[in-house]
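The primary structure of each chain is shown beneath.
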Amino acid sequence: MCDKYGSSFFETPLEIKVGISFNVKEGIEPIHGLRHFPTKDTSGWYIWAGDYSDDPDFF
């Protein structure tokens, strides 16, 4: 996928966090993904379905 879109590959260790909203498992589409730079204990990945919410409990 990285090659297809001309992006660099950054491996995500299995022991760090990914932010996934609860609505992903409700079958809502489309599924969105956004990656910020990783930090000490987070991958930087945030995944959500449908509309984004800035509610602090969204992820």
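In what follows, the structure referred to is the one given above.
Every chain is numbered on its own, with residues counted from 1 as its sequence reads. In keeping with the predicted nature of the model, local features appear solely for residues at pLDDT of at least 70, side-chain atom pairs appear and are counted solely at 80 or more, and the whole-chain, interface and lining totals rest on all residues. As a rule here, side-chain values come from all non-hydrogen atoms in the structure, and water together with hydrogens is ignored.

Student: How should the sheet that holds strand E1 (residues 17–20) be read in this particular structure?
Tutor: Each strand in a sheet pairs with its neighbour through backbone hydrogen bonds, running either in the same direction (parallel) or in the opposite one (antiparallel). Whether two strands pair comes down to DSSP finding at least two bridges between them. For helices the rule is a DSSP run of H or I covering at least 4 residues; for strands it is a run of E covering at least 2, with both sets numbered from the N terminus onward. The 3 strands are arranged E1-E3-E2 in an open sheet whose pairing can be described as mixed. In this open sheet, the two strands that pair with only one neighbour each are E1 and strand E2 (31–35). Each strand of the sheet is rotated relative to its neighbour by a mean of 20°, with strand direction disregarded. Of the strand pairs in this sheet, E2 and strand E3 (residues 42–49) are connected by 5 bridges, and their pairing is antiparallel. From the neighbouring strand, His-32 faces E3, where its bridge partner is Trp-48. Each axis is a line fitted through C-alpha atoms, taken for helices only over the stretch in contact, and angles between the N-to-C directions span 0 to 180 degrees.

Student: What is the right way to look at the packing of aromatic side chains in this model?
Tutor: Any two rings among Phe, Tyr and Trp, with Trp reduced to its six-membered ring, count as a pair given centres within 6.5 Å; such a pair is stacked if its planes are under 30 degrees apart, edge-to-face if over 60, and tilted if neither. A full pass over the atoms with the stated rule returns 2 aromatic pairs. When the centroid spacing of 5.5 Å and the interplanar angle of 70° are considered together, the rings of Trp-48 and Tyr-52 count as edge-to-face. Given the relative accessible area of 11%, Trp-48 is considered buried. With 5.6 Å between their ring centres and 75° between their planes, Tyr-52 and Phe-58 make a pair best called edge-to-face. Three or more aromatic residues joined by ring pairs form one cluster here, namely Trp-48, Tyr-52 and Phe-58. Whether a residue is buried, partly exposed or exposed follows from its accessible area with a 1.4 Å probe, protein chains only, as a fraction of its type maximum: under 20%, in between, or over 50%, in that order.

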